[in-house]
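Survey of secondary and tertiary structure
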Amino acid sequence: MDRRALLRQVLVACPAYALLAALAGTRGPAGPDAAARRWILDQQDLALALARGEIHPRRWQAEVEALLRRVDLATLSAEIGRAEARHVGRALPNYPVKHSLVFRDEAGVSRRLRYATALFRFDRGNVITPHGHRHMVSAHLVIEGAFRVRTFDRLRDEAGAMILRPSGDAAVGTGEVSTMSAARDNVHWFVPRAARAATFDVIVSGLDPGAPAFRIEAVDPVRGERLSDGSLRAPIIDFVEASRFYTAEV
Ligand SMILES: [Fe+2]
């Protein structure tokens with residue numbers, strides 16, 4: 001059995017709901033093992049290198065995709081179980097439930113890291129509607145179920161709109177990763193393809209000194225205007241309208 005198949009088996013045996021149950025339980029193992037500690041610190045090195053401008057966002061995406069794909073899911077589950085978790089809830093009625101996570105060090109003290117982590121749990125009908133980002137990057141590891149992930153490169157901004165080029169429309173299964181930055185796939189859209197689905201997210205914000213930590217805006221690619229060069233002028237819309245139009249069936 002190859003590693004991907006093995007990973008999928010582990011994830012099926014340890015779904016996100018088990019991870020969330022662990023959040024409500026005790027502290028879990030006494031301390032992180034060496035591999036978990038290394039993984040957390042590798043993420044930190046990448047986040048710091050990105051924030052300092054030492055690596056390009058595309059490099060961050062490639063490296064974080066590799067790190068997330070090779071994480072041992074039992075190890076990650078244990079770390080999530082030990083983490084300080086905060087129930088953030090749903091941003092909109094058809095959005096997934098968010099828990100923010102803060103990993104703990106060997107002494108059980110919350111780590112101060114340059115990146116943030118979160119779990120998003122999708123019930124039937126939940127979606128993350130198409131949206132673009134500024135001043136941040138993010139990575140999304142599917143830890144339960146599967147998603148249709150549509151992505152767009154953000155070529156430029158115009159008044160009230162983003163000029164986009166479709167960059168992907170993929171089925172992303174358990175153990176697989178999707179990332180975004182200003183350089184690649186800046187607009188993304190997640191629709192679950194399973195009754196229950198979840199992602200573990202790594203987020204680095206505050207990347208542009210003097211700017212807000214992040215800016216997230218909903219866009220409407222489906223009702224956008226096709227331009228002569230094949231790109232798309234997608235109007236910026238408010239999240240209430242995005243949530244109304246972009247149901248799981250779109
Ligand atoms: Fe996003």
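Thresholds, definitions, all that
Residue indices follow the written sequence of each chain, beginning from 1 at its first position. Totals for whole chains, interfaces and linings use all residues, but because this is a predicted model, local features are given only for residues with pLDDT of at least 70 and pairs of side-chain atoms are given and counted only at 80 or more. A pair of strands counts as paired when DSSP detects no fewer than two bridges linking them. Helix and strand assignments come from DSSP, with helices taken as H or I runs of at least 4 residues and strands as E runs of at least 2, each series counted from the N terminus. A fitted line through C-alpha atoms represents every axis, and for helices the fit uses only the stretch in contact; the resulting angles, taken between N-to-C directions, go from 0 to 180 degrees. For a helix, the expected span equals 1.5 Å multiplied by the number of residues minus one. Working definition of burial: number of other C-beta atoms within 10 Å of the residue's own, with buried at 20 or more, exposed at 12 or fewer, and partly exposed in between, all C-beta atoms being placed from the backbone. Along the arc lie the directions from the helix axis toward the C-beta atoms. Any pair of residues counts as being in contact when their C-beta atoms, constructed from backbone geometry, are within 7 Å of one another. Confidence of the predictor at the level of single residues is given by pLDDT, which spans 0 to 100.

Notes on the sheet that holds strand E3 (residues 116-122)
Reading across the sheet, the 6 strands line up as E1-E2-E3-E10-E5-E8 and stay open at both edges, with antiparallel pairing between neighbours. This sheet does not close on itself; its edge strands, each paired only once, are strand E1 (84-89) and strand E8 (177-180). On average, adjacent strands in this sheet sit at an angle of 20° to one another, irrespective of strand direction. Taken together, the 5 bridges between E1 and strand E2 (residues 97-102) define a ladder with antiparallel strand orientation. For Glu 84, the partnering residue across the bridge sits in E2 and is Val 102.

Focus on helix H3 (residues 34-51)
Helix length check: H3 (18 residues) gives 25 Å between terminal C-alpha atoms against 26 Å at 1.5 Å per residue, within 8%. Along H3, the residues classified as buried are Ala 36, Trp 39, Gln 43, Leu 46, Ala 47 and Leu 50. Angularly, the buried residues of H3 cover 100° about the axis, an arc narrow enough to put them on a single face. Counted as exposed and oriented over 90 degrees from the buried face of H3: Ala 34, Arg 38 and Leu 41. Of the surrounding secondary structure, the elements contacted by the buried residues of H3 are helix H4 (57-70), helix H5 (73-82), strand E5 (137-144) and strand E10 (197-204). Remark: Gly 53 follows H3 within two positions and exhibits a positive phi of approximately 80°.

Some thoughts on the confidence of the model for the protein chain
On average, residues of the protein chain score 88 in pLDDT, and 87% of them reach the 70 mark or higher. Mean pLDDT across the elements of the protein chain ranges from a minimum in helix H1 (residues 3-13), with 51, to a maximum in strand E13 (residues 232-237), with 98. Across residues 24-29, where pLDDT falls below 50, the model places 8 contacts with residues more than four positions away in sequence or in other chains.

Digging into unusual backbone geometry
Among all residues save glycine, negative phi is the norm, and among peptide bonds the norm is trans. Backbone geometry at His 135 places phi at a positive 65°, although glycine is not the residue there. One can find His 135 in the loop between strand E4 (128-134) and E5. Overall, His 135 belongs to the partly exposed group, with 18 C-beta atoms counted inside 10 Å. Residues other than glycine seldom take positive phi values, yet Asp 185 does so here, at roughly 60°. Topologically, Asp 185 is positioned in the loop between E8 and strand E9 (187-192). The buried category is assigned to Asp 185, around which 21 C-beta atoms lie within 10 Å.

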